[in-house]
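# Structural characterization, general
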Amino acid sequence: TKKKLKDLKVGDKVHCTGDSGFCDSSDEKIKKITVQYDEHTGKPYNVIWLSGDRKFDSRDGYAMNPPTAYYILVID
């Protein structure tokens, strides 16, 4: 079965890509995972960190800091 973003661990690889023609695609290792809380519901969720302090929301895979055109996908 395919892993979900929320189930990933440090050291797992993700595919980082984006919707813009300017976005480079690459496979990268997760550097760290931290927890944040949803500002509306208060529910915790994981934040996935890649190199260069780029962070991604484990709920949808989208970047949480610039460049925000990027998102990550699970690699089996």
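Above this text sits the structure in question.
Residues numbered from 1 in each chain as written. Predicted model: local features only at pLDDT ≥ 70, side-chain atom pairs only at ≥ 80, totals over all residues. Heavy atoms only, no water.

On to the environment of Ile72. In this fold, Ile72 is placed in strand S6 (residues 70–74). With 22 residues separating them along the chain, Ile72 and Leu50 place their C-alpha atoms 10.0 Å apart. With near-sequence residues (within four places) excluded, Ile72 lies in contact with Leu5, Val14, His15, Cys16, Ile48, Leu50, Phe56 and Gly61. (Helix = DSSP H or I, 4+ residues; strand = E, 2+ residues; numbered from the N terminus. Contact = heavy atoms within 4.5 Å.)

This part takes up the nonpolar core. In this structure, Leu8, Ile48, Leu50, Phe56 and Ile72 are the most contacted members of the largest nonpolar core, which totals 13 residues. Elements that contribute at least two residues to this core include exactly strand S1 (13–18), strand S4 (44–50) and S6. (Core = buried A, V, L, I, M, F, W, Y, C linked by side-chain atoms within 4.5 Å. Buried < 20%, exposed > 50% of the residue type's maximum accessible area, 1.4 Å probe, protein only.)

Enumeration according to the criterion identifies five salt bridges in this entry. Asp12 is the partner of Lys3 in a salt bridge, and the nearest nitrogen-oxygen pair spans 3.0 Å. Here Lys3 falls in the partly exposed class, since its relative accessible area comes to 40%. The partner of Arg59 in a salt bridge is Asp38, with the nearest N and O atoms 2.7 Å apart. Of this pair, Arg59 sits in the loop between strand S5 (54–57) and S6 while Asp38 is found in the loop between strand S3 (32–37) and S4, placing the two residues 21 residues apart along the sequence. Because the salt bridges share partners, they merge into one network encompassing Asp38, Asp57 and Arg59. (Salt bridge = Lys/Arg side-chain N within 4 Å of Asp/Glu carboxyl O.)

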